[in-house]
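# Residue-level structure breakdown
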Number of protein chains: 2
Amino acid sequence: MERLIGLLAKLPGLGPRSARRAALYLLKRNDSLLKPLARALSVAAENIRTCSVCGNLDARDPCGVCADPRRDDSLICVVEDVADMWALERSAAFRGRYHVLGGALSALDGVGPDDLNIPALVARAGRAEVSEVILATNVTVDGQTTAHYIADRLAECGVTVSGLAHGVPVGGELDYLDEGTLSQALKARRPV
Amino acid sequence: MERLIGLLAKLPGLGPRSARRAALYLLKRNDSLLKPLARALSVAAENIRTCSVCGNLDARDPCGVCADPRRDDSLICVVEDVADMWALERSAAFRGRYHVLGGALSALDGVGPDDLNIPALVARAGRAEVSEVILATNVTVDGQTTAHYIADRLAECGVTVSGLAHGVPVGGELDYLDEGTLSQALKARRPV
């Protein structure tokens, strides 16, 4: 029991108190939730692996996105993390391929180019069918440093390197936006 | 994958977004967290049951508290939920027995006396060794209604029926307390 609570408390978003609540909640719903969850976790532990092409997590290798023949081979979207890739997939706005770096360069955390999935990206970008690499790292200091580093590395591959547009988010109110976003949105203004 | 996220999202404290984050977190820590958690949940699903004496959840029946010979058989503390019992156990201030009702009377939610573990409590309170029943239901309308109902039911058992003291919580600042608590604390004032 204590062990279960201790493990649940390690999940992001759950502290020791809410882990106890979650454990009790699970124990009271043995058949409807506890057993299915135990089974789903076992299945995931056995089956989910990192895609050897793009770095996604999936039950197949290559993953569903890499194996899909209807997607555009000429576009590669570079993201820091699997969660970012899933977020872009939910938007359904991108039908090319992905490349997951597994983090961002960070002098503070001691993450260098060798710790990220960059050599595989350079190899993929060098293939004849690839025409454009979209850098979709986070708009943080580390993410943008990583994007600049990758752009430099890809300079000799003969591919177009682009980045996501910055500006006012959809549904965003100007009053609540930071100055950086507003100045980017102004600089990148477009004719209506 | 979707199934795992859906199940995690049912936990209290996790929504769909944080469930996705938790699932990714688990998948990245296959050996250190995902497998142990799957195992702990399976073990819990197989072994944890409701104690037939008090209603606690434990791997044994009777549970560890009911089976402990060092505890005082003459005191029974009545709580609404297993979580309340655990909270009292953490305080280490009570060395008697417990009785978990499994909820509180609620006209709104359609919870009547027959839905709670009350007959078993009346039977336990009728035994010769029991001298006092402490009603530790929540200080809410439902909890206090339940406490009054149980006090009525126990009137013929010949046991002392008591309730928790109300007042200023330890570490509480008067400025932040509600009027109800302050008026209770004043009414129940004690010589220093």
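Residues numbered from 1 in each chain as written. Chains lettered and ligands numbered in written order. Predicted model: local features only at pLDDT ≥ 70, side-chain atom pairs only at ≥ 80, totals over all residues. Heavy atoms only, no water.

## As for the sheet that holds strand β6 (residues 160-163) of chain A
Residues and elements named next belong to chain A. Put simply, the rule reads: A pair of strands counts as paired when DSSP detects no fewer than two bridges linking them. Only DSSP runs of H or I with at least four residues qualify as helices, and only runs of E with at least two residues qualify as strands; both kinds are numbered from the N terminus onward. Axis definition: a line fit to C-alpha positions, over the contact stretch in the case of helices; interaxial angles, taken between N-to-C directions, run 0 to 180 degrees. Contacts are residue-level and defined by heavy atoms, with any inter-residue pair within 4.5 Å sufficient.
Taken together, the four strands give an open sheet; going across it, the order is β4-β3-β5-β6, and neighbouring strands pair in parallel fashion. Because the sheet does not close on itself, it has two edges, and the strands there are β4 (97-100) and β6. Taking the axes of each pair of neighbouring strands and ignoring which way they run, one obtains an average angle of 25° across the sheet. As paired elements, strand β3 (residues 75-79) and strand β5 (residues 132-135) share four bridges and run parallel to each other. Residue pairing in the sheet places leucine 75 in a bridge with glutamate 132 of β5. Packed onto the sheet, helix α5 (residues 82-91) meets β3 and β4 and runs at close to 160° relative to β4. Packing of helix α6 (residues 118-125) onto the sheet brings it into contact with β3, β4 and β5, and relative to β4 it is tilted by some 155°.

## Some remarks on the pairing of strand β5 (residues 132-135) of chain B
Residues and elements named next belong to chain B. Worth spelling out the cut-off: Place the viewer so that the strands point away; then a crossover is right-handed whenever the path from the first strand over the helix to the second strand goes clockwise.
Bridge count for strand β3 (residues 72-79) against β5 is four bridges, and the pairing is parallel. When β5 meets strand β6 (residues 160-163), the two strands line up parallel, connected through four bridges. Note that in β6 the partner of glutamate 132 across the bridge is threonine 160. At this point the chain moves from β5, through helix α7 (residues 141-154), to the parallel β6, and the crossover so formed is right-handed.

## Some points on the pattern of salt bridges
Which entries qualify depends on this criterion: Throughout this description, the term salt bridge denotes a Lys or Arg side-chain nitrogen within 4 Å of a carboxyl oxygen of Asp or Glu.
Following the criterion strictly, the structure yields 14 salt bridges over all chains and no others. Notably, a salt bridge pairs arginine 70 of chain A with aspartate 68 of chain A, separated by 3.2 Å at the nearest N-O pair.

## Some points on the domain arrangement of chain A
This is how it is decided: The source of the domain bounds is an automatic or database domain assignment.
When its domains are assigned, chain A resolves into domain 1 (2-47) and domain 2 (57-163). Placing the centre of domain 1 of chain A and that of domain 2 of chain A at their C-alpha centroids yields a distance of 33 Å.

## Points about the relation of the copies chain B and chain A
Rules: The fit set for superposing copies consists of C-alpha atoms from residues with pLDDT of at least 70 in both; the fit itself is least squares.
When chain B is fitted onto chain A, the two copies agree to an RMSD of 0.1 Å after a turn of 180° and an axial shift of 0.0 Å. On this basis, the relationship between the two copies can be described by a two-fold rotation axis. If distances are taken from each C-alpha of chain B to the rotation axis, the shortest is found for alanine 38 of chain B, at 2.4 Å. The share of interface residues of chain B whose copies in chain A are also at the interface is 100%, consistent with both copies meeting through the same surface.

## Thoughts on unusual backbone geometry
Trans is the prevailing form of peptide bonds, just as negative phi is the prevailing case for residues other than glycine. All names here are of chain A. In this structure, the amide linkage connecting aspartate 61 to the following residue, proline 62, adopts the cis form with an omega of 0°. Mapped onto the elements, proline 62 comes out in the loop between β2 (57-58) and α4 (64-67). One non-glycine residue, alanine 92, adopts positive backbone phi at about 55°.

## What about helix α3 (residues 30-47) of chain A?
To be explicit about the condition: Helices are assigned an expected span. That span is 1.5 Å times one less than the residue count.
Helix length check: α3 of chain A (18 residues) gives 24 Å between terminal C-alpha atoms against 26 Å at 1.5 Å per residue, within 8%. Next to the buried residues of α3 of chain A lie α2 (16-28) of chain A together with α1 (2-8), α2 (16-28) and α3 (30-47) of chain B.

## Points about the packing of helix α6 (residues 118-125) of chain B against α7 of chain B
Relative orientation and spacing of two packed helices are given, respectively, by the angle between their axes and the distance between those axes. Residues and elements named next belong to chain B. Our working definition: Put simply, angles under 35 degrees are roughly parallel, angles over 145 are roughly antiparallel, angles from 65 to 115 are roughly perpendicular, and the rest are oblique. Crossing handedness follows the turn of the near helix against the far one: under a right angle anticlockwise gives a left-handed crossing, and clockwise gives a right-handed one.
Contact geometry for α6 and α7: axes closest at 10 Å, N-to-C directions at 45°. If you check the angle between α6 and α7, you find them oblique. Crossing of α6 over α7 shows right-handed handedness. Contacts from Ile118, Leu121, Val122 and Ala125 in α6 reach Tyr149, Ile150, Arg153 and Leu154 in α7.

## A few points about the environment of aspartate 58 of chain A
Residues and elements named next belong to chain A. This is how the line gets drawn: Any pair of N or O atoms that falls within 3.5 Å is considered a polar contact. Within protein, one atom must be able to donate a hydrogen and the other to accept it, and sequence-neighbouring residues count only if both atoms are side-chain atoms.
Mapped onto the elements, aspartate 58 comes out in strand β2. In sequence terms aspartate 58 and asparagine 47 are eleven residues apart; their C-alpha atoms lie 7.9 Å from each other. In contact with aspartate 58, other than residues within four places in its own chain, are Asn47, Ile48, Arg49, Cys63 and Gly64. Separated by 2.8 Å, the side chain of aspartate 58 and the backbone nitrogen of glycine 64 make a polar contact.

## Concerning the nonpolar core
Applied cut-off: For this analysis, a nonpolar core means a set of buried residues of the types Ala, Val, Leu, Ile, Met, Phe, Trp, Tyr and Cys, connected via side-chain atoms within 4.5 Å. Classification of residues uses two cut-offs on accessible area relative to the type maximum, computed with a 1.4 Å probe and protein chains only: under 20% is buried, over 50% is exposed, and between them is partly exposed.
By size, the foremost hydrophobic cluster in this structure holds 76 residues, and its most contacted members are Leu8 and Leu41 of chain A together with Leu8 and Leu41 of chain B. Those residues in contact with leucine 8 of chain A, other than ones at most four positions away along the chain, are Leu14, Ala19, Ala22, Ala23 and Leu26 of chain A together with Leu37 of chain B.

## Brief notes about the confidence of the model for chain A
All names here are of chain A. What counts here: Each residue gets a pLDDT score, which is the predictor's confidence in that residue and runs from 0 to 100.
Of the residues in chain A, 100% have a pLDDT of 70 or more, and the chain-wide mean is 90. When pLDDT is averaged over each helix and strand of chain A, the minimum, 84, is found for helix α8 (residues 179-187) and the maximum, 96, for β4. The ipTM, which scores confidence in the relative placement of chains, is 0.75 for this predicted complex, and the corresponding pTM is 0.74.

## Quick word on the sheet that holds β6 of chain B
Residues and elements named next belong to chain B. Pairing is parallel across the open sheet formed by four strands, whose spatial order is β4-β3-β5-β6. Since the sheet does not close on itself, it has two edges, and those belong to β4 (96-100) and β6, each with one partner. Neighbour to neighbour, the strand axes of the sheet diverge by 25° on average, direction disregarded. In the sheet, β3 pairs with β4 via five bridges, with the strands oriented parallel. Bridging from a neighbouring strand, cysteine 77 pairs with tyrosine 98 of β4. Running over the sheet, helix α5 (residues 82-91) touches β3 and β4 and is turned about 160° from β4. With respect to the sheet, α6 is in contact with β3, β4 and β5, its orientation differing from that of β4 by roughly 155°.

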